[in-house]
Amino acid sequence: MEIERKFLVKHLPENLEQYPHACLEQGYLCTAPVVRARKEGDRFVLTYKGKGLLEREEYNLPLTEEAYRHLIAKADGRIITKVRYRIPLPDGLTAELDLFAGDLSGLTVIEVEFPDRARALSFVPPEWFGADVTMDGRYQNSRLSDPSLPLPPFGPAAEKNILTP
């Protein structure tokens, strides 16, 4: 079970390059249910995600590079590329800060995974986190992969344009 909250970014942390980071490339073979192929460095994974925003089933299966290349060629929509920074937070949590590239350049999102729903709901984000968009499905990567859908607000004016779900 994946339990995760998602936020926009008010401002980037200082010395961002000091944190572990990797380039990610991912494509979606299906969005209902979500079936994704992802490359992160020299790691390749096929992921299934069930329905949900705050909580949902998630299963990951390792892939070979050959299998990944075969699957990514069949992906629907845009291939998402981003750099993910892993920034430690108090209480053993990690902020995964994604800086998107390509068509989504300028979009910056933070995801934080939690061991249980109670921790997710009681989490108080650091001051550099922006609007909580957990319940706004427009920020799900599977939706962002569909070039026929309008992009959600992002960039400096995004905080003012977030819709309350």
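In case you missed it, the structure is sitting above this.
Structure report, in brief.

Scoring rules and cut-offs
Residues numbered from 1 in each chain as written. Predicted model: local features only at pLDDT ≥ 70, side-chain atom pairs only at ≥ 80, totals over all residues. Heavy atoms only, no water. Buried < 20%, exposed > 50% of the residue type's maximum accessible area, 1.4 Å probe, protein only. Helix = DSSP H or I, 4+ residues; strand = E, 2+ residues; numbered from the N terminus. Arc of directions from axis to C-beta. Contact = heavy atoms within 4.5 Å. Salt bridge = Lys/Arg side-chain N within 4 Å of Asp/Glu carboxyl O.

### A closer look at helix α1 (residues 65-72)
Working step 1: Buried within α1 are the following residues: Y68, L71 and I72. All buried residues of α1 project into a common sector of 95° when viewed along the axis, lining one side.
Working step 2: If you follow the buried residues of α1, they end up packed against β2 (21-31), β3 (34-40), β4 (43-49) and β7 (76-88).

### So, the pattern of salt bridges
Working step 1: Applying the stated criterion across every chain yields a total of 16 salt bridges.
Working step 2: The residue E40 makes a salt bridge to R86 at a minimum N-O spacing of 3.1 Å. On the criterion of sequence distance, the pair formed by E40 in strand β3 and R86 in strand β7 is long-range, its members being 46 residues apart.
Working step 3: Between R69 and E65 there is a salt bridge, with its nearest N and O atoms 3.4 Å apart.

The analysis is restricted to geometry; functional conclusions fall outside its scope.
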